[in-house]
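Understanding the architecture of this molecule
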Amino acid sequence: MTPALIMHVNYCEQGQSLDDICRKASDWGFDGVEFRRKRIGIEESPEAYLDALAKAVARSGLRQVSFGWPTLEVMTPDAAKREAEVESAARFYESAAQRFRLAVCDAFTGRLVNPDSSVPATDYQRHGSGCATKEHWHWAVSGFQALAARTQPRGVRFAFETHMHYLHDLPATAKRLVEAIGAPNVGINLDYANTLLFPNPPSPRAAIEACGDRLFLVHLKNLIVLTGADHLRVGLADGQINHREFLRLLQDCGYAGPLCLGAPRPGDREWFAQQDLPYLKSLLKEME
C-alpha cells in the first residue's frame, strides 16, 4: 500500500504564508496539500489566490494539490444563487486544473442544520441528512451534476466528506448522494472519525464497505468520544481509532487512493504534523 500522503492545510492555518505551508509540507515528507477553495479571512480573487499558490507549489517541489471546503454552497431555495455557485466553482476548478496536478478534491454541498433552533448543534443525527427534505437532495444532485459535467474534461474528481451538518454526513447518505448524481468523477471521502460522533456508528469495516467502489479519498484523524457527541481531539496515534487495523481494512477492500491527514485541534499544529506523518508512514511500511 503506497498511497499519496496529503497534508490538510489545517496543520498550517496559524498565520503561515502559502510559501511556508508548501515548503514545510514538502520538508516534512508529504506528497501534497489539501488547501481550501477560499482562504479564511483573506480577501482576494480566485485567480490571485491560484497564481500565488502556483508559485509557492513550484518553489516547494510538492507533487500534488487538492482543494476542499467550501465547494458548492447549494443548500438554498434561491435558484439564482445556486446557479451562480455552480458557475463560480466550475471556473475555479477549471482554472486550478490548468495550474496543478490535482489530487481528489474534498467536496461539500453546503451546511444543513435543523430549522428548529432548539435542536442542539451536537445532536448530529437531527441535522444534515437527518433534517433533509427532497428539495435539499434535488439541489445537491442537480448542482453537482452540473459541476461534475463542467470539470470532468479537466480530470477533476470530487469526494464528499462524511461530515456532521452536511447532507453527506454518514457513509450511507454520502453513497446515496453519489449514486443519485451518477457522475464518474464524483465519489466519497471517508472521514471515519466524524462518524463516531453519531449514535450507533458503523464499524470501520462497515463504513468502508458502505462506500464501495466510490471511495475516492480517506481523511485520517483521531479522537476519544466521551459522552454523546462530546469528544477530545487527539493525535493520530492517540485516540480510539486503531489506524493499524483501519489501514489493513482499507487494503483488504482494495483501496488505492490518497490518504489525507488533518489536525482539527488547537495547539502547535506544525508539531502535530511532524508526529502524525511518521506514525502513518511506520504503519504503511509494515504493510509492504
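Rules and cut-offs
- Residues numbered from 1 in each chain as written.
- Predicted model: local features only at pLDDT ≥ 70, side-chain atom pairs only at ≥ 80, totals over all residues.
- Heavy atoms only, no water.
- Helix = DSSP H or I, 4+ residues; strand = E, 2+ residues; numbered from the N terminus.
- Buried < 20%, exposed > 50% of the residue type's maximum accessible area, 1.4 Å probe, protein only.
- Contact = heavy atoms within 4.5 Å.
- Areas by Shrake-Rupley, 256 points an atom, 1.4 Å probe, with all protein chains shown as cover.
- Lys, Arg positive; Asp, Glu negative; His and termini not counted.
- Charge placed at Lys NZ, Arg CZ, Asp CG, Glu CD.
- 1 Å grid on protein atoms, 1.4 Å probe; cavity = no way out; pocket = protein on both sides within 12 Å on 5 of 7 lines; lining within 4 Å.
- Points joined across faces, edges and corners; volume = space filled by probe spheres on them.
- Nonpolar A, V, L, I, M, F, W, Y, C, P; charged D, E, K, R; others polar.
- Pairing = 2+ DSSP bridges.
- Axes fitted to C-alpha atoms, helices over the stretch in contact; angles between N-to-C directions.
- Core = buried A, V, L, I, M, F, W, Y, C linked by side-chain atoms within 4.5 Å.
- Phe/Tyr/Trp six-rings, centres within 6.5 Å; stacked < 30°, edge-to-face > 60°.
- Lys NZ or Arg CZ within 6 Å of the ring centre and 35° of its normal.
- Parallel < 35°, antiparallel > 145°, perpendicular 65-115°, else oblique.
- Left-handed = near helix turned anticlockwise from the far one by under 90°.
- Right-handed = clockwise from strand over helix to strand, strands pointing away.

Details of the overall build of the protein
When its secondary structure is counted, the protein shows nine helices and 10 strands. Over its C-alpha atoms, taken along the principal directions, the protein stretches across nearly 45 × 45 × 35 Å. Taking all 288 residues of the protein together, 56% fall into the buried category. Residue pairs in contact within the protein that sit at least 24 positions apart in sequence constitute 76% of those at least 6 positions apart. Total accessible area on the protein is roughly 12,600 Å²; 49% of this is exposed by carbon and sulfur atoms. The positive charge centre, built from 32 side chains, and the negative charge centre, built from 35, are 3 Å apart in the protein.

Quick word on the layout of surface pockets
Approximately 550 Å³ is the volume found for the largest pocket. Lining the largest pocket are 30 residues, and of these Asn10, Glu161, His163, Lys221 and Pro264 lie nearest its centre. Going through the elements one at a time, β2 (32-36), β7 (215-220), β8 (222-225), β9 (231-234) and β10 (259-261) are the ones with two or more residues in the lining of the largest pocket. Here the lining of the largest pocket is composed, by residue class, of 12 nonpolar, eight polar and 10 charged.

A few points about the sheet that holds β7
With respect to topology, eight strands assemble into an open sheet ordered β3-β2-β1-β10-β7-β6-β5-β4, the strand pairing being parallel. Every interior strand has two partners, whereas the edge strands, β3 (64-68) and β4 (105-107), have only one. On average, each strand axis in the sheet is tilted by 30° relative to the strand beside it, whichever way the strands run. Two strands pair when backbone bridges link them, and β7 and β10 are joined in this way by three bridges, in the parallel orientation. What sits directly across from Leu220, in β10, is Leu261. Packed on one face of the sheet, helix α4 (residues 134-151) meets β4, β5 (158-161) and β6 (186-191) and runs near 150° to β5.

Side note on the nonpolar core
One finds Phe35, Leu53, Phe67, Leu250 and Leu259 to be the most contacted residues of the largest nonpolar core, which totals 90 residues. Look past the residues within four positions of Phe35 in its chain and what remains in contact with it is Val9, Leu18, Ile21, Cys22, Tyr49, Leu53, Val65, Ser66, Phe67 and Gly68. Of all hydrophobic cores here, the second largest spans seven residues; its members include Ala4, Ile6, Leu217 and Cys260.

Considering the packing of aromatic side chains
Two descriptors summarise a pair of aromatic rings, namely the distance from one centre to the other and the angle between the planes of the rings. Counted under the stated rule, the structure contains 12 aromatic pairs. Ring plane angle 85° and centroid distance 5.0 Å describe the contact between Tyr93 and Phe158, whose orientation is recorded as edge-to-face. Of this pair, Tyr93 sits in helix α3 (residues 79-99) while Phe158 sits in strand β5, and the two are 65 residues apart along the sequence. Each of the two residues, Tyr93 as well as Phe158, counts as buried. Through a chain of ring-to-ring contacts, the aromatic side chains of Tyr49, Phe67, Phe92, Tyr93, Phe100, Phe144, Phe158 and Phe160 assemble into a single cluster. When the ring centre of Trp137 is taken as origin, the NZ or CZ atom of Arg176, which lies over that ring, is 3.7 Å away.

Concerning the packing of α3 against α4
At a minimum axis distance of 9 Å, the contact between α3 and α4 shows a crossing angle of 30°. The pairing of α3 with α4 is recorded here as roughly parallel in orientation. α3 and α4 meet at a crossing whose hand is right-handed. Mapping the contact onto sequence places Arg82, Val86, Glu87, Ala89, Ala90, Arg91, Tyr93 and Glu94 in α3 and Trp139, Gly143, Ala146, Leu147, Arg150 and Thr151 in α4. Grouping the amino acids of the contact of α3 with α4 by side-chain chemistry returns seven nonpolar, two polar and five charged.

Describing the pairing of β6
Of all six residues that make up β6, six are buried, and the element is covered over most of its length. Of the pairings in the sheet, the one linking β5 to β6 comprises four bridges and is parallel in character. If you follow Phe160 over to β6, its bridge partner there is Ile188. As for the winding sense of the linkage, the β-α-β connection from β5 through helix α5 (residues 171-181) to β6 is right-handed.

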